[in-house]
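Listed below, chain by chain, are the residues.
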Amino acid sequence: MTTIVRRHLFGPGPTNPYPEATEGLARPLLGHLDPVFIDLMDETCERLRAVWDTRNARTLPLSATGSAGMEAAFVNTVRPGDVVVVAVNGLFGRRMCEVAARCGAEVVPVEHAWGSPVDPERVLAAHSNPSIVAAVHAETSTGVCSDIAELGDAVHGASDALLLVDAVTSIGGVELRADDWGIDVGYAGTQKCLGVAPGLAPFTISDRAFERRVERPRSWYLDLGLLGGYVGEAGTNASGGARTYHHTAPVAMVSSLHDGLGRILDEGLDNVWARHAEAGEALRNGLEGLGLELFAEKGYRLPNLTTVKVPDGVDSAAVRRKLLERYDIEIGAGVGDYAASVWRIGLMGPNASPDAVALILSALAETLGR
Ligand SMILES: *Cc1c(COP(=O)(O)O)cnc(C)c1O
């Protein structure tokens, strides 16, 4: 039998869940069309509007992980031949290019150095009339936070392109304002700063983008038109009729998300962001105190995901193995060219705390002999 262990999940996600989210998993199971569950789903969508800071009616948890949010975003908005400009400053921007290409887009990637933020001027200069401009808010592969408010202003000032944003790692960790920043289509995940197990993709789409959607997208499962018949507003579906079966919602996961979001909103989003900011700053200071060098560009460092260079002569994988075996601590390796030269340390959700900072710093200090 597999041994059950408890780990400190200080990698790029999943993080340890909030206790409320774990308790939410254990509620008595309901049918997915039970009126009580429908109320719970409605309340979950309302809470998602709060964390996205949006009034979009179509704000819902998709029944799959963050990558399905990415698929849903593109498959519902891209027609063959559409020009999609993608700001690429890490792995997830690259993945966006791949997904958009599979939807038939003419993809215009705007490559940035890994570790740098997205440059709106370069993105605008890439094409005069794109259908969609896409970017990652918090690039988990590099630990960089880009300024989406600035990108939104630039994009909407220059064209009527839709702004499509990956907020998987930013949601519930750093400031995110879908409406103010002009995000037309946004997707996220549960297992990063929302502090819920992996399995759902919080999704939001503006009316403007929904009106321009692909009527019969290649994906049946992720067809937002069909999903609107199941998840909607105030007891009815998005078109005002009775709830209809589309697929079986992962009831336990939705309960968990509902309760995890409740915890975040009780604490207050501003307080949650401040807690992540403080933990990130303490971690960065501590790492520099150990003589380590940070990777992401100064001024754009995510508080919730810190990238740090592996010192010369140190075996990256051996350190991670020792942290896991001796301290039950998981941290992430780097990605792509930086697989062996960078570590990624996430302090997300409940792990954005002084005791988590103290634990990872002391374990690293001992493991590195510093
Ligand atoms: C984790 C992550 C994803 C993918 O989410 P999954 O839940 O792993 O499918 C997408 N974008 C970013 C920025 C991420 O950090």
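Higher on the page you've got the structure.
Parameters and conventions
- Residues numbered from 1 in each chain as written.
- Predicted model: local features only at pLDDT ≥ 70, side-chain atom pairs only at ≥ 80, totals over all residues.
- Heavy atoms only, no water.
- Helix = DSSP H or I, 4+ residues; strand = E, 2+ residues; numbered from the N terminus.
- Expected span 1.5 Å × (residues − 1).
- Buried < 20%, exposed > 50% of the residue type's maximum accessible area, 1.4 Å probe, protein only.
- Arc of directions from axis to C-beta.
- Contact = heavy atoms within 4.5 Å.
- Phe/Tyr/Trp six-rings, centres within 6.5 Å; stacked < 30°, edge-to-face > 60°.
- Near = heavy atom within 4 Å.
- Polar contact = N/O pair within 3.5 Å; in protein donor to acceptor, adjacent residues only side chain to side chain.
- Areas by Shrake-Rupley, 256 points an atom, 1.4 Å probe, with all protein chains shown as cover.
- Nonpolar A, V, L, I, M, F, W, Y, C, P; charged D, E, K, R; others polar.
- Pairing = 2+ DSSP bridges.
- Axes fitted to C-alpha atoms, helices over the stretch in contact; angles between N-to-C directions.

Draft legend 1. Local environment of helix α10 (residues 269-289). Taking 1.5 Å as the rise per residue, α10 with 21 residues should run 30 Å; its terminal C-alpha atoms sit 30 Å apart, in good agreement. L269, V272, W273, R275, H276, A279, G280, L283, R284, G286 and L287 are the residues of α10 that are buried. The buried residues of α10 all sit within an arc of 165° when viewed along its axis, so they share a single face. Facing away from the buried side of α10 by more than 90 degrees, the exposed set consists of D270, E278 and G289. Check the buried side of α10 and you find it contacts α2 (35-52), α9 (251-267), β11 (305-309), β14 (342-346) and α12 (354-368).

Draft legend 2. Molecular detail of the packing of aromatic side chains. In this structure the tally under the stated criterion is two aromatic pairs. Judged by centre distance (4.8 Å) and plane angle (55°), the rings of F295 and Y338 are tilted. Of the two residues, F295 sits in the loop between α10 and β11 while Y338 sits in the loop between β13 (332-333) and β14, which places them 43 residues apart along the sequence. With relative accessibility at 16%, the residue F295 sits in the buried group. Among the aromatic side chains, those forming a connected cluster through ring pairs are W114, F295 and Y338.

Draft legend 3. Spotlight on the site of the ligand. Every one of the 13 residues lining the ligand counts as a neighbour, but T65, S67, T140, D166 and K192 are closest to it. In this structure, an oxygen atom belonging to the ligand sits 2.3 Å away from a side-chain N or O atom of T140. In the environment of the ligand, an oxygen atom lies 2.8 Å from a nitrogen or oxygen atom belonging to the side chain of Q191. Bound to the protein, the ligand loses 89% of the 380 Å² it would expose on its own. Counting only elements with at least two residues in the shell around the ligand, the list comes to α3 (66-75) and α4 (91-102). Of the residues in the shell around the ligand, the class split is four nonpolar, six polar and three charged.

Draft legend 4. Focus on the sheet that holds strand β3 (residues 83-88). The seven strands are arranged β2-β10-β9-β8-β5-β3-β4 in an open sheet whose pairing can be described as mixed. Taken across any chain shown, the strands that pair with only one partner, and hence form the sheet edges, are β2 (58-62) and β4 (106-111). Neighbouring strand axes in the sheet, compared pairwise and without regard to direction, differ in orientation by 15° on average. Bridge analysis of β3 against β4 gives six bridges, and the strand direction is parallel. Across the sheet, the residue bridging to V83 is E106, located in β4. Relative to the sheet, α4 contacts β3, β4, β5 (132-136), β8 (162-166) and β9 (185-187), its axis offset from that of β3 by approximately 165°.

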